[in-house]
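# Structural overview for review
Here is how the chains run, residue by residue.
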Amino acid sequence: MQEVKPENSIMVAGIRSAFTPQRISALIVAQAAVDATYTHSPTPKRNQLVNAMMELGEYAGHRGYETYKPVKTNKLQAAIELADTMAFILSAVAETPAEKIDDVITTLSAVCEQEYRDLESVVEDDDFNTEESNVILLAVHGLAENLGTVFSALFHLANLYCGVSPEKLIRLYEAKTILNNFRTVNGYSQGTYVKQWGSQEDNVVMAELIVANVEMEDLEGRLADLYNLVPKGKLNA
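Residues numbered from 1 in each chain as written. Predicted model: local features only at pLDDT ≥ 70, side-chain atom pairs only at ≥ 80, totals over all residues. Heavy atoms only, no water.

## Details of the packing of helix H7 (residues 166-185) against helix H8 (residues 202-211)
In a pair of packed helices, the angle between the axes and the distance between the axes together describe the arrangement. Quick reminder of the rule: Helix axes are fitted to C-alpha atoms over the stretch in contact, other axes to C-alpha atoms as well, and angles between N-to-C directions run from 0 to 180 degrees. Only runs of H or I of at least four residues qualify as helices and only runs of E of at least two qualify as strands under DSSP, and these elements are numbered from the N terminus. Orientation is classified from the angle alone, with under 35 degrees giving roughly parallel, over 145 giving roughly antiparallel, 65 to 115 giving roughly perpendicular, and any other angle giving oblique. Crossings are sorted by hand: turned counterclockwise from the far helix by less than a right angle, the near helix makes the crossing left-handed, and turned clockwise it makes it right-handed. Note on contacts: a residue pair is in contact if any heavy atoms of the two residues lie within 4.5 Å. Residues are grouped as follows: nonpolar covers Ala, Val, Leu, Ile, Met, Phe, Trp, Tyr, Cys and Pro; charged covers Asp, Glu, Lys and Arg; every other residue, Gly included, is treated as polar.
Closest axis-to-axis distance for the H7/H8 pair is 10 Å, and the angle between their directions is 135°. For the element pair H7 / H8, the angle class is oblique. The two elements H7 and H8 cross, and the hand of that crossing is right-handed. Of H8, the residues touching H7 (which contributes Lys168, Arg171, Leu172, Ala175, Lys176, Leu179 and Arg183) are Asp202, Asn203, Met206, Ala207, Ile210 and Val211. Considering only residue class, the contact of H7 with H8 consists of seven nonpolar, one polar and five charged.

Given below as structure tokens:
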């Protein structure tokens, strides 16, 4: 895998607006760095792709697919679930044996680069239809067969049903890694971090900052400013 320094892996100059092997390598390095900060190691070890499948289920929930509940959609929250799905896929790729990872990255880029470019202009379709269901199922199937198919499906779901371009989806993913680090630094593992910021959860606040085009290098500072305004009396369950 092409060497990318961890401290620069969130924003590598010259590789935005593309889904090249270098861009994918940078995302993998960033995700591996985040994963390395987790102190809790479950036994047995959790399968990252199963976690990705669970996030796709949460996406479907925010798109109103639960049969026995009134239809209630939240596009921004749905897009966040797609970003979380991406995180678990990148974690799975990061665990690939060293002798195989370059081939995996090359395949991902070959399968998804054109999709990335084709979908950069948002063509949102808010209707529930068979196509969306099929794309969700394609993504789930791809988790077992072809991760390139999953990325293509994520790009389609984000664009058509959340109004989020592939680049904006990647920015949401990058922002979520920053938020996860912010949570860790502020006591998430110890149970002292407050996830509910007024009427919204922290990940929705983060996503709204990204939609408002806050620069990635400014995001942690903006999160800190807003978190300082959150009452700390009621902690997470």
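## A look at a nonpolar patch on the surface
Spelled out, the test is: Residues qualify for a patch when their relative accessible area is over 30% and they have no salt bridge, like charges being joined within 9 Å and the nonpolar side chains of Val, Leu, Ile, Met, Phe, Trp and Tyr within 5 Å. Here, Shrake-Rupley sampling with a 1.4 Å probe gives the accessible areas, and only protein chains in the shown set may cover a residue. In the sections that follow, a salt bridge refers to a side-chain nitrogen of Lys or Arg positioned within 4 Å of a carboxyl oxygen of Asp or Glu.
A grouping of Val50, Met53 and Met54 is seen on the molecular surface, where their side chains present a nonpolar patch of about 270 Å² in accessible area. Locating Met53 in the fold gives a position in helix H2 (residues 48-62).

## Some remarks on the packing of H2 against helix H6 (residues 147-162)
Two elements in contact, H2 and H6, have axes separated by 13 Å at closest approach and are oriented at 20°. By the angle class used here, H2 and H6 are roughly parallel. At the point where H2 passes H6, the crossing takes the left-handed sense. The segment H2 lies against H6, with Leu49, Leu56 and Tyr59 engaging Leu147, Leu154, Leu157, Tyr161 and Cys162.

## Re the pattern of salt bridges
What the rule picks out here adds up to six salt bridges. Put simply, Glu132 and Arg63 hold a salt bridge, and the shortest N to O gap is 2.8 Å. One end of the pair, Glu132, is in helix H5 (residues 130-145); the other, Arg63, is in the loop between H2 and helix H3 (75-94), and 69 residues separate them in sequence. Within this structure, Arg23, Glu167 and Glu174 form a network of salt bridges that share partners.

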